[in-house]
Amino acid sequence: MSHDDADGTSFADLGLKPELLGALSKLGYEEATPIQRQAIPELLTGRDLIGQAATGTGKTAAFALPILQNIDRNDAAIPLALIVVPTRELAVQVSEAFFKYGRESNVRVVPVFGGQPIQRQLQALKRGVHVVVATPGRAIDHIKRGSLDLDAVQTVVLDEADEMLDMGFTEDIEAILEATPDTRQTVLFSATMPPRIAKIAETYQRDPITVKIGRGTGDANPKVRQSVYMVMRAHKASALGRILDVEAPTSAIVFCRTRTEVDELTVTMNGRGYRSEALHGGMDQKQRDRVMARLRDGTAEILIATDVAARGLDVDSLTHVVNYDVPSAPESYVHRIGRVGRAGREGVAITIAEPRQRRLLQNIERLTKQSFTIEKVPSVADLRTKQIEMTVNAIRDALAEDDLDDYDAIFDQLDVDFKKSDIARAALKLVHRARGATIDDQEIPDASDWKNDRGPKGKGGKKKHKRDDRPGSGQTGGKRGSRPRSDDGERGFLHVNLGKNAGLRAGDLVGAIANEAGLPGSEIGPIRIANHYAVVGVPDAAVDDVVRNMKRTTIRGKQARIRRYVD
Ligand code: ADP
Ligand code: MG
C-alpha cells in the first residue's frame, strides 16, 4: 500500500556517483528531500539556479553533492567551488557537510571566516583546496591579499542569500562575484525571495531555473489529535519518554530522519525501558517481518522508523504517531499521521520540535490549513495525575466485571488480621506499581517560549547548540526515565559470537534478548559491541536463563551463540 506516500527518490536515481552514494548511505540518508530531488539534476547540468526552501530541508546537500560530483580526487588542488555563507558557524557547518559527503572522494575543503587567525587560513589555502566555504568579509580579505585564487572557480553558491543581504553584505557579495570567472555556475539559496535577491539574480545569473518547494495540498485527518511540543535537542529523548508515559499508547511509531538516528534512539529508548524496535531501509525483509510481527503481537510497543522503512505500513493497533523531528517536507507530515485514525478509529499525532524548526511547523500549518498550539511537555505532576487516573480506571473496570468472587479466598485470609481499607490500599499499591507507575522526578525543560535556538524570547545570549548532539545511548536526559532498572543486584555478562562485522547493533541484542528470553529492555545493558563479538550485561541471576532460552536464536540473519562471559 503505497498510494498514500510521497514519491521517494533515492540518491542513485539522481545520477550521483558511487563514492557519494556510499557516503550518504553511511550517514543514513535514505532518500532525497524535495529540494534535493529537484535541484540536484539541474545543478548537475551546470545550470544556474535559485533555490527556495525552508530551513532544515537539506539545502546544503542540494548544492554540495553536485559540486562534489564534478570534482575528482586527481583534480589540481585549486578552488573549483566557492560557497559564501553569512556566519562563521555556517561556514564550519557547511564545510563539515562537504567533508562528510565528500569523504570517499578525497575532496579538500576549507572554511575561511573572520575571527580565526588569517595565517592559518593562508597556509590551508596554500596547501591546496578544492572547495572554499567563506564568510563574505573574509573572502574579500583573501581576494585583496591575493591568497584566494578564484580563476578556476566553476561554481559559486550564495547560501542563505537573504540573510547575507540583511546583514549588509551586498557589496561584498557583488565584489566576490565580480572576482570569479564569467563562465561560472551561479547558485543562490535563500529561504525567502525579497526583491534585492531578485536583483542579484538578474545581474549575476544566466537563465537561472527557480526551484521552489511548494506546499502541495494535503488534508490532515480530523480524527487525529495533534500535539506539538517544543524541546531542545538534548532533552528530546526524555521528552519522548515522558510523553509516551502520559499518552500510554497501545502501539506507537516514532519517525526519525536517518537510520543512524533510528538506531540511536532505539538503543536509548530500550535503555529507558520502552520495548522499542528499529525499522529502516538497511534491514532485510526477514528482519523487517520479525519487527512487524513483534509490533502486531504487542511484544514491542514502539516502532522507531525512517519514512522509507515505514512506507506502506499498516498496523491496526497503531494509536500514536510521533515525529521525533519535524519532517522537512510538509507532505510527509500528512502521510505520517495518516497511519493513525484509520477506519474511523481515533489517533494521536505528536511532534517534538526544536525551536529552530518553527519555520517547518509553519509550512505544515499552511499545507494542512490548521494551526498548531504548542503544548507544554508533561511535568512530573501531570504524569502522576495521569497514572493515578489510569489506575483508577483499571480498578473501575475490574469492579464492573463479575468475577470478583474468584478472589474471595485471598481476601478472606487477609480479612482475619487486617482492616478492609488497608487490604484495599495494599492491593492498590501493587496494581499501581505493576502498571509501571514508578514516578520519575526529573523535570524536562520546555522550550516552547524560545523564539529560536538562541534563547528565551527577548533575550540573546546562549550559544547555538551544536547540530550533532544527537541522542546517544545514555547521553541524553541525564537521569534515567520513569522505568529505572528494577534489579539492584549483581550484573552478569553474556558473550555473543556476533559483532560489528556481522552488522550487529545494540538494538538487535536488546530486541533479541527481550523477546527470546523475556527480559525487559530496561534490565539489559551495558552493551559493548566489538568487531567479532559482543558483551551484554543482564542481571546475574538471569544469565543462565537467557543462555538457555537463546540456544537457537538468529540475530541479523545469523545464528547467534550465546554463553556466560567471564573475564
Ligand atoms: P537547510 O540548509 O535547508 O537548513 P541542512 O542542509 O542544514 O538544511 O540540513 C538539515 C538537516 O537535515 C541536516 O542535519 C542534514 O544532515 C539532514 N539531511 C539533509 N538531507 C537529508 C536527507 N536526504 N535525509 C536525511 N537527512 C538529511
Ligand atoms: Mg542551510
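Cut-off values and rules
- Every chain is numbered on its own, with residues counted from 1 as its sequence reads.
- Just so you know, chain letters begin at A and ligand numbers begin at 1, following the order they were written in.
- Where local features are concerned, this predicted model is filtered to residues with pLDDT of at least 70; where side-chain atom pairs are given and counted, the filter is 80 or more; whole-chain, interface and lining totals use all residues.
- Here the side-chain values reflect all heavy atoms present in the structure, with hydrogen atoms and water set aside.
- Segments assigned H or I by DSSP are reported as helices when at least four residues long, segments assigned E as strands when at least two residues long, and all are numbered from the N terminus.
- Exposure is judged per residue with a 1.4 Å probe applied to protein chains only, and the accessible area is read against the type maximum: over 50% gives exposed, under 20% gives buried, and values in between give partly exposed.
- Contacts: residue pairs with any heavy atoms within 4.5 Å of one another.
- Here the accessible surface of atoms and residues is derived via Shrake-Rupley with a 1.4 Å probe, and residues count as covered only by protein chains that are part of the display.
- What counts as a salt bridge is simple: a side-chain nitrogen of Lys or Arg found within 4 Å of a carboxyl oxygen of Asp or Glu.
- A helix is expected to span 1.5 Å for every residue after the first.
- Whether two strands pair comes down to DSSP finding at least two bridges between them.
- Here a Phe, Tyr or Trp ring, Trp counted by its six-membered ring, pairs with any other such ring whose centre lies within 6.5 Å, and the pair is stacked when the planes are under 30 degrees apart, edge-to-face when over 60, and tilted otherwise.
- Among buried residues, the Ala, Val, Leu, Ile, Met, Phe, Trp, Tyr and Cys ones that are joined through side-chain atoms within 4.5 Å form a nonpolar core.
- For helices, the fitted line uses only the C-alpha atoms of the stretch in contact; every axis is such a line through C-alpha atoms, and the angle between N-to-C directions lies from 0 to 180 degrees.
- Should the near helix be turned counterclockwise from the far one by less than a right angle, the crossing is left-handed, whereas a clockwise turn marks it as right-handed.
- Only Asp, Glu, Lys and Arg are considered charged in this grouping, and only Ala, Val, Leu, Ile, Met, Phe, Trp, Tyr, Cys and Pro are considered nonpolar; every other residue, Gly among them, is considered polar.
- We call two N or O atoms a polar contact when they sit within 3.5 Å, provided that within protein one can donate a hydrogen and the other can accept it, with sequence-adjacent residues counted only if both atoms are side-chain atoms.
- Patch construction takes residues with relative accessible area above 30% that form no salt bridge. Like charges are linked within 9 Å, and nonpolar side chains (Val, Leu, Ile, Met, Phe, Trp, Tyr) are linked within 5 Å.

Peer 1: What should I look at first to understand the overall build of the chain in this one?
Peer 2: The number of helices and strands found in the chain is 20 helices and 22 strands. Among the 567 residues that make up the chain, the fraction classed as buried is 50%. Long-range contacts, defined here as pairs at least 24 residues apart, represent 76% of the contacts in the chain between residues at least 6 apart. Of the roughly 26,700 Å² of accessible surface on the chain, a fraction of 49% belongs to carbon and sulfur atoms.

Peer 1: Is there a simple way to explain the pattern of salt bridges in this structure?
Peer 2: Side-chain pairs of opposite charge can arise whenever the charged atoms involved come near each other. Enumeration over the complete set of coordinates arrives at 20 salt bridges. The salt bridge partner of D508 is R556, with a shortest N-O separation of 2.5 Å. Remark: R556 occurs in the loop between β20 (553–555) and β21 (558–560) and D508 occurs in helix α19 (residues 506–517); sequence separation between them is 48 residues. Like D508, the residue R556 is buried in the burial classification. Linked by salt bridges that have partners in common, R233, K236, R257, E261, D325 and E354 make up one network.

Peer 1: Help me understand the side chain of K236 in this model?
Peer 2: Of note, K236 is situated in helix α10 (residues 236–247). Among all residues touching K236, those that are not within four sequence positions of it are V231, Y324, D325, I352 and E354.

Peer 1: Which parts of the structure should I look at to understand helix α11 (residues 259–271)?
Peer 2: Taking 1.5 Å of rise per residue, 13 residues should cover 18 Å, and α11 covers 18 Å from first to last C-alpha, within 8% of that figure. Along α11, the residues classified as buried are E261, V262, D263, L265, T266, T268, M269 and N270.

Peer 1: What should I look at first to understand the pairing of strand β2 (residues 81–84) in this one?
Peer 2: Looking down a regular strand, the side chains alternate between one sheet face and the other. Residues A81 and I83 point to one face of β2 and L82 and V84 to the other, with burial holding for every one of them. Across four bridges, β2 lies against strand β4 (residues 131–134) in parallel orientation. Residue pairing for β4: I83 is matched across the bridge by V133. Of the pairings in the sheet, the one linking β2 to strand β5 (residues 155–158) comprises four bridges and is parallel in character. The residue of β5 that forms the bridge with L82 is V156.

Peer 1: Could you clarify how one ought to interpret the packing of aromatic side chains in this entry?
Peer 2: The geometry of an aromatic ring pair is captured by the separation of the ring centres together with the interplanar angle, meaning the angle of the planes. Under the defined criterion, the tally for this structure stands at five aromatic pairs. Ring geometry for F11 versus Y29: centroids 6.4 Å apart, planes at 35°, classification tilted. Here the residue F11 occupies a position in the segment before α1 (18–27), and Y29 occupies one in the loop between α1 and α2 (34–44), the gap between them amounting to 18 residues. Ring centres of Y29 and Y101 lie 5.9 Å apart, and the angle between their planes is 65°; this geometry places the pair in the edge-to-face category.

Peer 1: Help me understand the nonpolar core in this model?
Peer 2: Where a protein is soluble and globular, its nonpolar side chains tend to be buried together. Grouped together as the largest cluster of nonpolar side chains are 41 residues, with contacts concentrated most on F63, L65, I83, F98, Y101, V131 and F189. At the level of elements, α1, α2, α3 (59–69), β2, α4 (88–102), β4, β6 (185–190) and β7 (209–212) are the ones that each hand at least two residues to this core. The element that contributes the greatest number of residues to this core is α3, accounting for seven residues. The residues contacting V131, other than those within four sequence positions of it, are I67, I71, A81, I83, F98, V107, R108, V109 and V110.

Peer 1: So what exactly am I meant to see when it comes to the sheet that holds β5 here?
Peer 2: Strand-to-strand pairing in sheets goes through backbone hydrogen bonds, with the strands running parallel or antiparallel. An order of β3-β4-β2-β5-β6-β1-β7 is seen for the seven strands of this open sheet, with the pairing classed as parallel. Because the sheet does not close on itself, it has two edges, and the strands there are β3 (109–112) and β7. Ignoring strand direction, the axes of neighbouring strands in this sheet form an average angle of 15°. The strands touched by helix α8 (residues 170–178) are β2, β5 and β6; relative to β5, the strand with the most contacts, the crossing angle is about 170°.

Peer 1: What is the right way to read the packing of helix α5 (residues 118–127) against helix α6 (residues 136–145) from this model?
Peer 2: To characterise two packed helices, one gives the angle between the axes of the helices and the distance between these axes. The contact between α5 and α6 brings their axes to 12 Å, and the two run at 65°. Once α5 is placed against α6, the crossing between them reads as right-handed. Residues I118, Q121, L122 and L125 of α5 lie in contact with α6, whose contacting residues are R138, D141, H142 and R145. Counted by class, the contact of α5 with α6 contains three nonpolar, two polar and three charged residues.

Peer 1: Just to check I follow, could you spell out the environment of S251 for this structure?
Peer 2: Position of S251 relative to the elements: it lies in strand β9 (residues 251–255). Overall, S251 belongs to the buried group, its relative accessible area being 2%. Along the primary structure S251 and S276 are separated by 25 residues, whereas in three dimensions their C-alpha atoms are 10.0 Å apart. Among residues more than four places away in sequence, those in contact with S251 are L295, E301, S317, L318, T319 and H320. Within the structure, the side chain of S251 is placed 3.5 Å from the backbone nitrogen of L318, a separation counted as a polar contact.

Peer 1: Which parts of the structure should I look at to understand the side chain of D263?
Peer 2: Looking at the secondary structure, you find D263 in helix α11. Overall, D263 belongs to the buried group, its relative accessible area being 11%. For D263, the side chain forms a polar contact with the side chain of H280, separated by 3.4 Å. Residues in contact with D263, not counting those within four places in the same chain, are A278, H280 and R505.

Peer 1: What am I meant to see in a nonpolar patch on the surface here?
Peer 2: Side chains of L399, L404, Y407, I410, L414 and F418 sit close together on the surface and give an oily, nonpolar patch of about 610 Å² of accessible area. Mapping Y407 onto the fold places it in the loop between α16 (380–400) and α17 (408–415). You can call Y407 partly exposed: its relative accessible area is 48%.

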